[in-house]
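Listed below, chain by chain, are the residues.
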Amino acid sequence: MKVLKFGGTSVGSVESIRNVKNILASREGKKVLVLSAMAGVTNKLVVITELIKAEDHSAIAHIIAELKDKHENTIDALINEPDPNAQAKNFVNNVLNNLKEICKSNYSERVYAEVVTTGETMLTYIFSTFLTNSGIQNNFLDAKEFMQVSNLENPDTNLVGKLFQKSIENLEASEIYITQGFVRIDAQHSISTLKRGGSDYSATILAAAVQAEEVQIWTDIDGFHNNDPRYVENTHAIAELSFEEASELAYFGAKILHPQTISPVIKKQIPLFLKNTFTPDLPGTRISAEIHSRGLKAISAKDGITAIKIKSNRMLMAHGFLKKIFEVFDKYETAIDMITTSEIAISLTIDDDRNLNEILEELNDYGEITVEKEHSIICIVGEGLIEDKSTSRLFELLNDISVRMISYGGSNNNISLLVDTKNKVQTLQGLNRKLFEERIMPQFV
């Protein structure tokens, strides 16, 4: 069995949805399809959650009417037979009527999750009906029946697998199963989400759960690029990446992949392919346990970084000082990305500043605090990167760009730079020039 995930742009229009059907028809074997909502739908649903807080029911009704028109127009364009057309519209109307009732509730995290996962429910049913109407047998599955993920960082894929098998055991045998990405059932047995972009994560959790042969993530980009094509010209897709390389790139800002996507498939060594829905014949990027080459592979950037410096003479020779600092961040469940130390100071970065004021209040007990916002981490990745002598050319950038922090040596596969976000594009372009365009052949010691 293979797991194929199609993102919002891949199912964002009638033409795109037809293209997905053609991709399925060209690939043999059993498949589980994990689908996102149509492009733009989740954004509208997030707006509805804000309107629930404001109790603006008129504006909510207007957006729901827009969603109804969008999905009914899609049904009319895809499904020409009267009965399945009416069946699909009836399903969408029932979902939207339920949404109207949810919107009468007071805002809560559960209400948020129930609202923002509505798009996946509608699109998957429409697509399933479209395939059936086209003569392609398939089964529609409700992900809430099996995607029980209590721990976002460590999903129980064995449990998900058992629940998945239970959900299909009484269904007619099929080559294609269609379900929703993004949604999960949490530890309280409530509807929740895998966070924005989490459909990728849904796919790899499910792949690990069913012992899939491979996972395919279909999007609108032809694989991982060696730099950010939004800011750098003449980038190219990378044919092969190791799990570790892809994990570093995803965590440090590569938008093509949800940061946690890789983790469920690493232990079971299930290869993952990144493919372009609109150019399906291109090879894309294959991510696996295999290492096909060493040295520099790619550069990515992560925005929204806050740098915190704690300066204290008490730190000198003080046993347990770092432990106390880390305990503050652990208390507020805030992960640290980069860290550097000196005799009297420690600098670190976070990308989640929701509890920043509380963190700073506690850190004040340990020394003088300096906070710098609007920074970006630039991540340079490749197997055995620090053994590649030509990579040292990146430090020539220090002549032109002020670098706040450097992380070198913590991993053989990653060098990270912290820069002011206003210098991010200049840094990406400079690194591309130094490390790719003017690059000499790698020399390993």
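What you are looking at is a predicted structure, and each value in this text was computed from that prediction instead of being measured.

Attention now moves to the overall build of the protein. Within the protein, the regular secondary structure consists of 13 helices and 16 strands. Rg of the C-alpha trace for the protein: 24 Å, near the compact-globule value of 22 Å for 445 residues, within the 12% margin. Across its three principal axes, the protein shows a C-alpha extent of roughly 75 × 50 × 40 Å. Within the protein, contacts between residues separated by at least 24 positions form 77% of all contacts whose residues are at least 6 apart in sequence.

On to the layout of surface pockets. In this structure, the second largest pocket occupies an estimated 290 Å³ of space. Elements represented by at least two residues in the lining of the second largest pocket include exactly helix H4 (82–102) and helix H6 (118–133). For the lining of the second largest pocket, the element with the highest residue contribution is H4, accounting for 4 residues. Looking at the lining of the second largest pocket, its residues break down into 6 nonpolar, 5 polar and 4 charged.

Looking now at the domain arrangement of the protein. Interface size is often expressed as the accessible area that is lost when the parts come together. Annotation of the protein at the domain level lists domain 1 (2–220) and domain 2 (297–437). Once you take the C-alpha centre of each, domain 1 and domain 2 turn out to be 37 Å apart.

Within this numbering scheme, the UniProt entry marks Lys-5, Phe-6, Gly-7, Gly-8, Thr-219, Asp-220 and Arg-230 as carrying the feature "binding site: ATP" (unreviewed entry). In three dimensions, the annotated residues from a span of 226 residues occupy distinct locations, with a maximal C-alpha spread of 23.5 Å. Note that Gly-7 resides in the loop between strand E1 (2–6) and helix H1 (14–25). Excluding its chain neighbours within four sequence positions, the residues that come into contact with Gly-7 are Ser-36 and Trp-218. Relative to the helices and strands, Asp-220 is located in the loop between strand E7 (214–219) and strand E8 (240–242).

All right, on to helix H8 (residues 199–209) then. Counted residue by residue, H8 has 11 buried out of 11 residues, so it is predominantly covered. Within H8 the residues assigned to the buried category are Ser-199, Asp-200, Tyr-201, Ser-202, Ala-203, Thr-204, Ile-205, Leu-206, Ala-207, Ala-208 and Ala-209. Trailing H8 by a residue or two, Gln-211 shows a phi angle of about 55°, which is positive.

About the criteria used
Residues numbered from 1 in each chain as written. Predicted model: local features only at pLDDT ≥ 70, side-chain atom pairs only at ≥ 80, totals over all residues. Heavy atoms only, no water. Helix = DSSP H or I, 4+ residues; strand = E, 2+ residues; numbered from the N terminus. Rg over C-alpha atoms; globule rule 2.2 N^0.38 Å. Contact = heavy atoms within 4.5 Å. 1 Å grid on protein atoms, 1.4 Å probe; cavity = no way out; pocket = protein on both sides within 12 Å on 5 of 7 lines; lining within 4 Å. Points joined across faces, edges and corners; volume = space filled by probe spheres on them. Nonpolar A, V, L, I, M, F, W, Y, C, P; charged D, E, K, R; others polar. Domains from an automatic or database assignment. UniProt positions renumbered as here; feature names shortened; annotations may be inferred. Buried < 20%, exposed > 50% of the residue type's maximum accessible area, 1.4 Å probe, protein only.

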